[in-house]
Amino acid sequence: MRKILKAAGILAAAGILLSAALPAATADTVDSTVSGGALTSTTAGATLTGVTLTGATQTATGTSSSPWSISDTRGTGAAWSLSVTATVPTSAAGTVETTARTIPVGDLTITPGTVTASIGADAAAGITAPALAMSGSAQSLVSSLGTNKGTYALTPTYSLVVPANAFRSNYFGAVGSTALLPYVSTLTYTIS
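Residues numbered from 1 in each chain as written. Predicted model: local features only at pLDDT ≥ 70, side-chain atom pairs only at ≥ 80, totals over all residues. Heavy atoms only, no water.

A. Representation of the overall build of the protein chain. Helix and strand counts for the protein chain stand at one helix and 17 strands. Classification of the 192 residues of the protein chain by burial places 30% in the buried group. About 11600 Å² of surface is accessible on the protein chain, with carbon and sulfur atoms providing 62% of the total. (Helix = DSSP H or I, 4+ residues; strand = E, 2+ residues; numbered from the N terminus. Buried < 20%, exposed > 50% of the residue type's maximum accessible area, 1.4 Å probe, protein only. Areas by Shrake-Rupley, 256 points an atom, 1.4 Å probe, with all protein chains shown as cover.)

Now the structure itself:
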């Protein structure tokens, strides 16, 4: 038993000597304040294909002139929605043809397409973006129920159904010898 006590005493003395030889530990603090950013979107329009009237319903199509982005840098994980309203597609009145011509707004559709998460963003799985026929009132086009923080990219496509009984575009000036005024719809996007 004495041997064990003697060995324990030697180990304890060695431990004291070793701890006396080591420098004292120090502690430092590193901190950073992380502020939330903004909820933003970047959108772009499109020029649709031209259509020649044939007496049958046709569809003009096109792709956004540049990719869109939606960024949620608020850091809250709160839900968000990109809403859209559209005006009636109208061929403006010309100097000779003085009556504006229209196509129903519901004949214009936006298909957001695949939403892709940028590096470091939450997965895009919680984002919905179905094809949407336009109306004169605000409608949700792309939305998240929450936890979609970061930046997301998409490239929407557009389609405009041109009814069989549609009017052709108005001429800017003299009929047949000046430019045609295209059917134009103004899309207004709001993110919240």
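B. Geometry of unusual backbone geometry. For Thr147, which is not glycine, the phi dihedral falls at a positive 60°. Take Thr147: it is sitting in the loop between strand 11 (139-144) and strand 12 (150-154).

C. Structural context of the sheet that holds strand 6 (residues 101-102). Read across the sheet, three strands follow the order 6-5-16 without closing on themselves; strand pairing throughout is antiparallel. Edge strands, defined here as strands with exactly one partner in the open sheet, are strand 6 and strand 16 (183-184). In this structure, strand 5 (residues 90-91) lies alongside strand 6, joined through two bridges in antiparallel fashion. For Thr90, the partnering residue across the bridge sits in strand 6 and is Thr102. (Pairing = 2+ DSSP bridges.)

D. The arrangement of the layout of surface pockets in detail. Of the voids in this model, the largest pocket is the one considered here, and its volume is about 650 Å³. Looking at the largest pocket, it is lined by 26 residues, and the ones nearest its centre are Leu48, Thr49, Leu160, Pro182 and Tyr183. Taken together, the elements giving at least two residues each to the lining of the largest pocket come down to strand 13 (157-162) and strand 16. The dominant element in the lining of the largest pocket, judged by the number of residues it contributes, is strand 13, at three residues. (1 Å grid on protein atoms, 1.4 Å probe; cavity = no way out; pocket = protein on both sides within 12 Å on 5 of 7 lines; lining within 4 Å. Points joined across faces, edges and corners; volume = space filled by probe spheres on them.)

E. Fine view of the pattern of salt bridges. Inspection of every chain in the model, using the stated rule, returns four salt bridges. Two residues, Glu97 and Arg101, come together in a salt bridge whose shortest N-O distance is 3.9 Å. Just as Glu97 is buried, Arg101 falls in that class too. Across the pair Lys149 and Asp122 runs a salt bridge whose closest N-O atoms are separated by 2.9 Å. Of this pair, Lys149 sits in the loop between strand 11 and strand 12 while Asp122 sits in the loop between strand 8 (116-117) and strand 9 (127-128), placing them 27 residues apart in sequence. (Salt bridge = Lys/Arg side-chain N within 4 Å of Asp/Glu carboxyl O.)

F. View of the pairing of strand 11. Looking at chain direction, strand 4 (residues 80-86) and strand 11 are connected through five bridges and run antiparallel. Following the sheet pairing, Ser83 is matched in strand 11 by Ser140. By the bridge criterion, two bridges tie strand 9 to strand 11 in an arrangement that is antiparallel. Opposite Thr128, over in strand 11, you have Ser143 as the bridge partner.

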